[in-house]
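# Coordinate inspection notes
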Amino acid sequence: MTGFTFGVGNGLAIVTARCFGRQETDRMKKSVASCIVIGVAVTLVVTILATIFMHPLLRLLKTPAEILEESYSYISILSIFLFVMFAYNLCSGLLRAIGNSFMPLVFLIFSSLVNIVLDLLFIRTFGMGVRGAAIATVIAQGISVVLCLIYIVTKAKILLPEKRHFALDRGLYADLLAQGFSMGFMSSIIYVGSIVLQPGINSLGYETTAARKLFSFSMMPLSSMAQAVNTYVAQNRGADNWERVRKGIRYAYIFCFSVTACLIVIVTPLAPTMVHLISGSSDPTVLGNGARYLRVAIPFFFALGLVNCSRLALQALGEKILPLLSSFIELFGKIIFAMVFIPRYHYSAVIWCEPIIWCFMAAELVISLYRNPYMRKGKTGN
């Protein structure tokens, strides 16, 4: 659900970044106005679908009975207020599109601190449980949206559309919808793959999910760099600066390799301790499973970094099918593991599933990226 809406938001911002790179201010404001209209429609539809199908989906995922109702109470709140999360994603994406990635980070840090305080207040003081955590998240995200809007109105007026900019521009809408929905479907297919894999993980017991929490935390630098590549490539594609596009992608790859090396050095010896800090558990099974998961997965983070950066770079260059192909590779790979290997090899299959798939995806995406006509522009002279 969030994968699709966030993907749409990021895809819409790509068009704005290209307009900014070409210094087409009027068209950029039209794109912002169109993003607002499309965003309202998308979040409304997704919210309705989520409200109808969320509880059956949780059962389909074999969510453990002891946490089913708590899971639903949490996710139902997020579903109803999905527009808040989408609004922050779109606002921060638009700010990044004009070269300002610092202020969205400041607002996110502030809202995260607010989230922590509200969690303590709602869960411990008011006894609202998991539902209180969801409400705290929505309020904190809402604050970040308000801060983004205030900043845009006062400091980034270049993004403010006028009434005339909301007039229907079929060509622009076609570009936005193609880019937004392409990226949205790409993101949603990735999450569908996770949904396919999740029942196999859940069937192994609740304690095995602890490792994935730390895994998600560890990969944040790679995800952030991929978002930076997405905006940077879109801006320079709009400005037709071929050399900066290639150089930016090359530096992103170096960054991914460096982060992977640092994580290997830091996490490998400290994995059990870090799992304990994240999960709060002293259970040897939890700590052992978590440490084993991290020690296998983290050396393959470089492949994951190549996947994320190459996929979003292709999106920024205007490619729509090739990034989707990589998502299908991931989806089918997880289906095979969930149906064949996890029932037979259990936790070992869970550990090796994604690293193996990342390698296949990375090969497809890197080859596709450097075969892209624009990336070959300097060699062909076209």
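The following paragraphs examine the structure supplied in this document. (Residues numbered from 1 in each chain as written. Predicted model: local features only at pLDDT ≥ 70, side-chain atom pairs only at ≥ 80, totals over all residues. Heavy atoms only, no water.)

## Let's talk about the overall build of the protein
Per the secondary structure count, the protein includes 15 helices and zero strands. For the protein, the C-alpha radius of gyration of 21 Å lies close to 21 Å, the compact-globule estimate for 382 residues. If you line up the protein on its principal axes, its C-alpha atoms span 60 × 50 × 35 Å. Looking at the protein as a whole, 51% of its 382 residues qualify as buried. Look at the contacts in the protein between residues 6 or more apart in sequence, and 81% of them connect residues 24 or more apart. Accessible area for the protein stands at about 17900 Å²; split by element, carbon and sulfur atoms hold 69% of it. One finds the centroid of the 32 positive side-chain charges in the protein at a distance of 6 Å from the centroid of its 17 negative side-chain charges. (Helix = DSSP H or I, 4+ residues; strand = E, 2+ residues; numbered from the N terminus. Rg over C-alpha atoms; globule rule 2.2 N^0.38 Å. Buried < 20%, exposed > 50% of the residue type's maximum accessible area, 1.4 Å probe, protein only. Contact = heavy atoms within 4.5 Å. Areas by Shrake-Rupley, 256 points an atom, 1.4 Å probe, with all protein chains shown as cover. Lys, Arg positive; Asp, Glu negative; His and termini not counted. Charge placed at Lys NZ, Arg CZ, Asp CG, Glu CD.)

## Let's talk about the state of the cysteines
Disulfides are covalent bonds that link the sulfur atoms of two cysteine residues. As enumerated under the stated definition, the model contains zero disulfides in all. With no disulfide of its own, Cys309 has Cys256 as its nearest cysteine by sulfur position, at a separation of 3.8 Å. We classify Cys309 as buried; its relative accessible area is 1%. Free of any disulfide, Cys353 has its nearest cysteine sulfur in Cys359, 12 Å distant. For Cys353, a relative accessible area of 0% puts it in the buried group. (Disulfide = S-S within 2.5 Å.)

## Re the pattern of salt bridges
Enumeration according to the criterion identifies six salt bridges in this entry. A salt bridge links Glu162 to Arg164, with the shortest nitrogen-to-oxygen separation between them at 3.3 Å. Here Lys334 ties to Glu354 by a salt bridge, and the two come within 3.3 Å at their closest N and O atoms. Linking Lys334 in helix H13 (residues 321-345) with Glu354 in helix H14 (residues 347-371), this pair joins segments that are 20 residues apart in sequence. For Glu354, a relative accessible area of 6% gives the class buried. The structure contains a network of salt bridges with shared partners spanning Asp26, Glu162 and Arg164. (Salt bridge = Lys/Arg side-chain N within 4 Å of Asp/Glu carboxyl O.)

## Considering the packing of helix H3 (residues 65-80) against helix H6 (residues 129-155)
It is at 8 Å that the axes of H3 and H6 come closest, and there the two elements cross at 20°. By the angle class used here, H3 and H6 are roughly parallel. The chirality of how H3 crosses H6 is right-handed. Contacts from Glu70, Ser73, Tyr74, Ser76, Ile77 and Leu78 in H3 reach Val130, Arg131, Ala133, Ala134, Ile135, Thr137 and Val138 in H6. Of the residues belonging to the contact of H3 with H6, the class tally is eight nonpolar, three polar and two charged. (Axes fitted to C-alpha atoms, helices over the stretch in contact; angles between N-to-C directions. Parallel < 35°, antiparallel > 145°, perpendicular 65-115°, else oblique. Left-handed = near helix turned anticlockwise from the far one by under 90°. Nonpolar A, V, L, I, M, F, W, Y, C, P; charged D, E, K, R; others polar.)

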